[in-house]
Amino acid sequence: MNKYLISVLLLSLFSLRALFHSGLPPTHDGEYHVIRFYEFFKPLSSGVLYPRWALDLNQGMGAPLFNYVYPLPNYFSSLLHFLGVSFVDSFKANFIAAGVLGSVFMYFFSRIYFREIGAVVSSIFYTFAPYKFLDVYIRGSVGEVWALGFFPALFWALTRLMEKGNTAYLSLSAVFLAMIIFSHNILAVMIFIFSAFYSLFYLISFRKEKIYFVKVLSSYLLGLSLSAVFWIPAILEKKYVRGLDIFDFRSNFPEVYQLLIPSWGSGFSSGSLSGQMSLQVGVANLLVVFLSFLVLIKLRKKIKREILFFAVSFLVVLFLMTKKSLFLWESVPLLSYFQFPWRLLSLEIFITAFLAGFLWRVMAKSKIKGRVKTFIFVLFLVLPVLLTLGYSRPAYYHDRQEHYYTTKANFISGTNSPGNSFNTIWAGKINKQSEKFEILSGEGKINYKEKKGNLYELYSQSPNGLKIRAAIMYFPGWKLYLDGTEVKIIPDSNGQILFETPSGKNSLTLRLENTPIQFFSLILSLVSGALVITLFLRLDYTIIKRRLL
């Protein structure tokens, strides 16, 4: 490991030093993520390899939360919890792992263009961008930070693929794209579009042969296939839930001064300006953009085309974050999916970090010598760090363990989402039931045994049959079987499962199965995963090792 990579690692850990403190930083989403980790771990530990159902939500009736919410942070936390780490500490560990990942791959990607020192500069600007600290210490958006971690990894692999066409980079590009999709579905769409424009620009600019287009397209298709188990059901089964469109992008455009002037607050973007969270691009980042455009104007044709792509992209993305672009947000359906126009800051911090490396490279190749060059280099290293030190720590910590959250009604009685998003379309008034299975009509008795959170064995006895209500929310995938034959179930007026049993003694099984869409997407991901593994086993990775180190 070279000294430059070591410096990147150390600076990344320094930026996240506050996460090594005991307790949970107070954030918008952090406490809710603790519940999600807890709910995800329960079915996973009982043998459900891809959980889709949160068992304890909705007053214990469950919700299909994980059918629609990105799974990667949950898997990472479950692994750590299996090793003895609390869900509170695993929340912080998510940020540490994702943050280091992003810093390292920003270095690898930028090194393609700017060599070691320029790559270190890019990594520092990416690591110490105000928006990343906003995601960590204010919003607690663990999924977005993971997506930002894989963002430069995808660009590194794609660029290497487009350089040489090595199939190893095709596999890596696909894996990194899948990881971004598993990390955060909204940012995945944003990064997917931006990376597609970058790839197309690169291939056309360098007049690459058709085989390169085919390989890049194949990497995208393979990445989509790998992650199909998540995104296909999330899209095609969206009709079964409600409350997904509770945010209006029209009320979440930042003012131009909010993007330019440094500020810091712990409120929400639509709250009062005095305590509103910061939506700044960053002073050091903006300075880099300004100087980059001066250099571009002065050098003109001597500048690589890729630099021009990133400079123009900055202006386009900046425009899309302002109210002047409202007509585009209203006419292009995909834009409204982003919910908050200021989310495009995720692209801006990547773009400005890349331009920082470019600017240093230009100055390094200029006639500036001796102490002046050293001073400029130190300035590039120190300025983004000094200007964001105040943002890299929370105001205080909650000294609580996960038991506190799993027993609090406001965290677990609903769907663990704003406005009870991801609740089923059949859900009505929800009250906690004293019995999991209640006889509504008929004489007899019923017993049940919960073998897993999504599997129940039922035993009923009645002279004339029973009508039973289960304290479980109805959702496609729940199936009831009597001696191997499926018995019809329906939702009642409040969305709970209703079914009838015949007379006599009966043994029934109620379980949550994959819907046809879920089954298809699972098979697609498994086949794609097998293909990637096959490629990894057959390829020689010495070229990648040499390029990394």
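Check the entry above for the structure.
What counts, and at which threshold
- Residues numbered from 1 in each chain as written.
- Predicted model: local features only at pLDDT ≥ 70, side-chain atom pairs only at ≥ 80, totals over all residues.
- Heavy atoms only, no water.
- Axes fitted to C-alpha atoms, helices over the stretch in contact; angles between N-to-C directions.
- Helix = DSSP H or I, 4+ residues; strand = E, 2+ residues; numbered from the N terminus.
- Contact = heavy atoms within 4.5 Å.
- Nonpolar A, V, L, I, M, F, W, Y, C, P; charged D, E, K, R; others polar.
- Core = buried A, V, L, I, M, F, W, Y, C linked by side-chain atoms within 4.5 Å.
- Buried < 20%, exposed > 50% of the residue type's maximum accessible area, 1.4 Å probe, protein only.
- Pairing = 2+ DSSP bridges.
- Salt bridge = Lys/Arg side-chain N within 4 Å of Asp/Glu carboxyl O.
- Left-handed = near helix turned anticlockwise from the far one by under 90°.
- 1 Å grid on protein atoms, 1.4 Å probe; cavity = no way out; pocket = protein on both sides within 12 Å on 5 of 7 lines; lining within 4 Å.
- Points joined across faces, edges and corners; volume = space filled by probe spheres on them.
- Patch = residues over 30% accessible without salt bridge, like charges linked within 9 Å, V, L, I, M, F, W, Y side chains within 5 Å.
- Areas by Shrake-Rupley, 256 points an atom, 1.4 Å probe, with all protein chains shown as cover.
- Phe/Tyr/Trp six-rings, centres within 6.5 Å; stacked < 30°, edge-to-face > 60°.
- Lys NZ or Arg CZ within 6 Å of the ring centre and 35° of its normal.

Novice: Explain the packing of helix α8 (residues 167-183) against helix α9 (residues 185-205) here, please?
Specialist: Packed helix pairs are specified by the crossing angle of their axes together with the interaxial distance, meaning the distance between the axes. Put simply, α8 and α9 touch, their axes get as near as 6 Å, and they point 140° apart. Residue-level contacts link Leu 177, Ile 180, Ile 181 and Ser 183 of α8 to Asn 185, Ala 188, Ile 191 and Phe 192 of α9. In the contact of α8 with α9, the residues fall into six nonpolar, two polar and no charged.

Novice: Got a minute to help me understand the nonpolar core in this structure?
Specialist: When a protein is soluble and globular, its nonpolar side chains tend to lie buried together. In this structure, Phe 109, Trp 156, Phe 310, Phe 437 and Trp 478 are the most contacted members of the largest nonpolar core, which totals 172 residues. With 23 residues, helix α5 (residues 87-127) is the single largest residue contributor to this core.

Novice: Would you explain the sheet that holds strand β5 (residues 455-462) in this entry?
Specialist: Within a sheet, each strand pairs with its neighbour through backbone hydrogen bonds, oriented either parallel or antiparallel. The five strands lie next to each other as β4-β5-β11-β7-β8, forming an open sheet whose pairing is antiparallel. Each edge of the open sheet is held by one strand with a lone partner, namely β4 (445-452) and β8 (485-487). Taken over all neighbouring pairs, the strand axes of this sheet differ in orientation by 30° on average, direction set aside. Two elements, β5 and strand β11 (residues 504-512), share eight bridges in a ladder whose sense is antiparallel. Considered in β11, the bridge of Leu 455 is made with Arg 511.

Novice: What's the story with the pairing of strand β10 (residues 496-501) in this structure? I'm lost.
Specialist: Taken across its six residues, β10 has five buried, putting it largely inside the fold. Here six bridges tie strand β6 (residues 466-473) to β10, and the two strands are oriented antiparallel to one another. Its bridge partner lying in β10, Lys 467 is registered against Glu 500. Note: strand β9 (residues 489-491) against β10, three bridges, orientation antiparallel. For Pro 491, the partnering residue across the bridge sits in β10 and is Ile 497. Linking β9 back to β10 in an antiparallel pair, the connection comprises four residues, with Gly 495 at a positive phi of about 90°.

Novice: Explain the environment of Asp 399 to me, please; I cannot follow it from the model alone.
Specialist: For Asp 399, the position within the fold is in the loop between α18 (370-386) and α19 (402-406). Residue classification places Asp 399 among the exposed residues on the basis of a relative accessible area of 73%. Residues Asp 399 and Pro 25, 374 residues apart in the sequence, show an inter-C-alpha distance of 9.1 Å.

Novice: How do you make sense of the pattern of salt bridges when you look at a structure like this?
Specialist: Side chains that carry opposite charge are capable of pairing whenever their charged atoms lie near each other. Taken as a whole and assessed by the stated rule, the structure comprises 14 salt bridges. We note a salt bridge from Glu 438 to Arg 469, for which the minimum N-O separation is 2.7 Å. In this pair, Glu 438 is assigned in strand β3 (residues 437-441) and Arg 469 in strand β6, connecting sequence segments 31 residues apart. Exposure remark for Glu 438: the relative accessible area of 30% places this residue in the partly exposed category. Here Glu 486 makes a salt bridge to Lys 479, at a shortest N to O gap of 3.5 Å. A single salt-bridge network, built from bridges that share partners, covers Asp 135, Arg 139, Glu 144 and Arg 343.

Novice: Would you mind going over the packing of α5 against helix α17 (residues 345-364) with me for this structure?
Specialist: Interaxial distance between α5 and α17 falls to 8 Å at its minimum, and their mutual angle equals 115°. Crossing hand, α5 versus α17: right-handed. Each of Met 106, Phe 109, Ser 110, Tyr 113, Phe 114, Arg 115, Ile 117, Gly 118, Val 121, Ser 122, Phe 125 and Tyr 126 in α5 lies in contact with α17, whose residues at this interface are Ile 349, Phe 350, Ala 353, Phe 354, Ala 356, Gly 357, Phe 358, Trp 360 and Arg 361.

Novice: Can you walk me through the layout of surface pockets in this structure?
Specialist: To locate leftover empty space, one rolls a probe as large as a water molecule over the atoms. By volume, the largest pocket is sized at about 1,500 Å³. Around the largest pocket, the lining comprises 49 residues; the ones closest to its centre are His 184, Asn 185, Ile 186, Gln 339 and Arg 343. Of all the secondary structure elements, the ones that give two or more residues to the lining of the largest pocket are α2 (30-45), α9, α11 (228-236) and α16 (333-336). At six residues, the largest contribution of residues to the lining of the largest pocket is made by α9. Residues belonging to the lining of the largest pocket are distributed by class as follows: 27 nonpolar, 14 polar and eight charged.

Novice: Please explain the sheet that holds β6 as it appears in this structure.
Specialist: Judged by pairing direction, the sheet is antiparallel, and its four strands sit side by side in the order β3-β6-β10-β9 without closing on themselves. Of all strands in the sheet, those bounded by a partner on one side alone are β3 and β9. Across the sheet, the axes of successive neighbouring strands diverge by a mean angle of 35°, strand direction being ignored.

Novice: Would you take a moment to explain empty space enclosed by the protein for this structure?
Specialist: Counted under the stated rule, the structure contains three cavities of 30 Å³ or more. Along its surface, the largest cavity is lined by Ser 12, Ser 15, Leu 16, Gly 99, Ser 103, Thr 127, Lys 132, Phe 133 and Val 136. Secondary structure elements with two or more residues in the lining of the largest cavity: α1 (3-15), α5 and α6 (130-139). Of the residues belonging to the lining of the largest cavity, the class tally is three nonpolar, five polar and one charged.

Novice: Could you clarify how one ought to interpret a nonpolar patch on the surface in this entry?
Specialist: On the surface, a nonpolar cluster with roughly 360 Å² of combined accessible area is contributed by Val 256, Tyr 257, Leu 260 and Ile 261. You can see Ile 261 is positioned in the loop between α12 (256-260) and α13 (283-299).

Novice: When you look at the packing of aromatic side chains in this model, what are you seeing that I'm missing?
Specialist: What describes a pair of aromatic rings is the distance from one ring centre to the other and the angle between the planes of the rings. In this structure the tally under the stated criterion is 62 aromatic pairs. Where Phe 310 meets Phe 350, the ring centres are 6.1 Å apart and the plane angle is 50°; that geometry is what we call tilted. Within this pair, whereas Phe 310 is found in helix α14 (residues 305-320), its partner Phe 350 is found in helix α17, the two being separated by 40 residues in sequence. Phe 350 matches Phe 310 in its accessibility class, with the two residues each being buried. A cation over a ring is seen here: Arg 17 above Phe 14, with NZ or CZ 4.4 Å from the ring centre. The ring of Tyr 212 has Lys 208 sitting right over it, with the charged end atom 4.6 Å from the ring centre.

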